[in-house]
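# Remarks on the overall topology
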Amino acid sequence: MTDTILNHRSIRKYQPDPIPAPILDFILEAGTRASTTGNMQVYSIVVTTEQELKEELSPCHFHQPMVKEAPVVLTFCADFNRFNRWCRLNKAEPGYDNFLSFFTAAIDALLVAQNVCVAAEDAGLGICYLGTTTYMAGKIIEVLDLPRGVVPVTTVTVGYPDEMPDLTDRLPLEAVVHREKYQDYSDSDIHRHYREKELMATYQEFIKENHKETLAQVFTDVRYKKNDNILFSKTLLDVLEKQGFMVHP
């Protein structure tokens, strides 16, 4: 499985073949073996295979083609709905209507998602993580009928690959690993860690296409703009309040 992890690729084009039920159930079962806070398993996985529902989900992910083309779309949710109901049915009053509880459940959901992704790739499937889920959480809640106490935190498309892209670049290990304590970066450290990425032909093309001077400007001015970050932050906070995770007496 180490080879599977080191050879991860984001797959955005899929063959039309469905995923056999035993394989799909196997990777979902692998997901449930992930670590979880207090063994509460405060997450849920929504498996979407019906084309009509994938069509409804597509705008929630900015119409990325793989949402409609992948045979399976998995939405991983922070879910205290189930646990809260279990508590109340057993004469226990839950106190999980706060941001910490959402964060706890979101961590659980993401750990499960990563397990599913690794198991899927190990079974010969391709996956693509969609970062759009938190941007459009409110709309996804409507499409998937998620009740109060449930918030989508990430989405993964799954299917048999119809492409084999190159491995995506990564920063060197020394850029992200700190031994014993956090060692802050000097300016020369930053330049050294990002130099190889900045010089890659793909990123040089990004700079030209977007009429920018540096790769950093592509990220700050085009891809992940401050105004968008503020807008989607407010939207997500509104969703958390609506779904019952922002009660602070």
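That block above? That's the structure.
Residues numbered from 1 in each chain as written. Predicted model: local features only at pLDDT ≥ 70, side-chain atom pairs only at ≥ 80, totals over all residues. Heavy atoms only, no water.

## Let's talk about the overall build of the chain
A tally of regular secondary structure across the chain gives 12 helices and four strands. The C-alpha radius of gyration of the chain comes to 20 Å, within 12% of the 18 Å expected for a compact globule of 249 residues. With the C-alpha coordinates of the chain rotated into their principal frame, the extents come out at 60 × 50 × 35 Å. Partitioning the intrachain contacts of the chain with sequence separation of at least 6 by distance along the chain shows that 78% fall at a separation of at least 24. Carbon and sulfur atoms make up 54% of the accessible area of the chain, which amounts to about 15300 Å² in all. Here the chain carries 25 positive and 35 negative side-chain charges, and the mean point of each set is 4 Å from the other. (Helix = DSSP H or I, 4+ residues; strand = E, 2+ residues; numbered from the N terminus. Rg over C-alpha atoms; globule rule 2.2 N^0.38 Å. Contact = heavy atoms within 4.5 Å. Areas by Shrake-Rupley, 256 points an atom, 1.4 Å probe, with all protein chains shown as cover. Lys, Arg positive; Asp, Glu negative; His and termini not counted. Charge placed at Lys NZ, Arg CZ, Asp CG, Glu CD.)

## Structural notes on the sheet that holds strand β1 (residues 43-48)
What the four strands build is an open sheet, ordered β1-β2-β4-β3; its pairing is antiparallel. Every interior strand has two partners, whereas the edge strands, β1 and β3 (126-130), have only one. Strand-to-strand twist of the sheet, defined as the mean angle between neighbouring strand axes without regard to direction, takes the value 25 degrees. (Pairing = 2+ DSSP bridges. Axes fitted to C-alpha atoms, helices over the stretch in contact; angles between N-to-C directions.)

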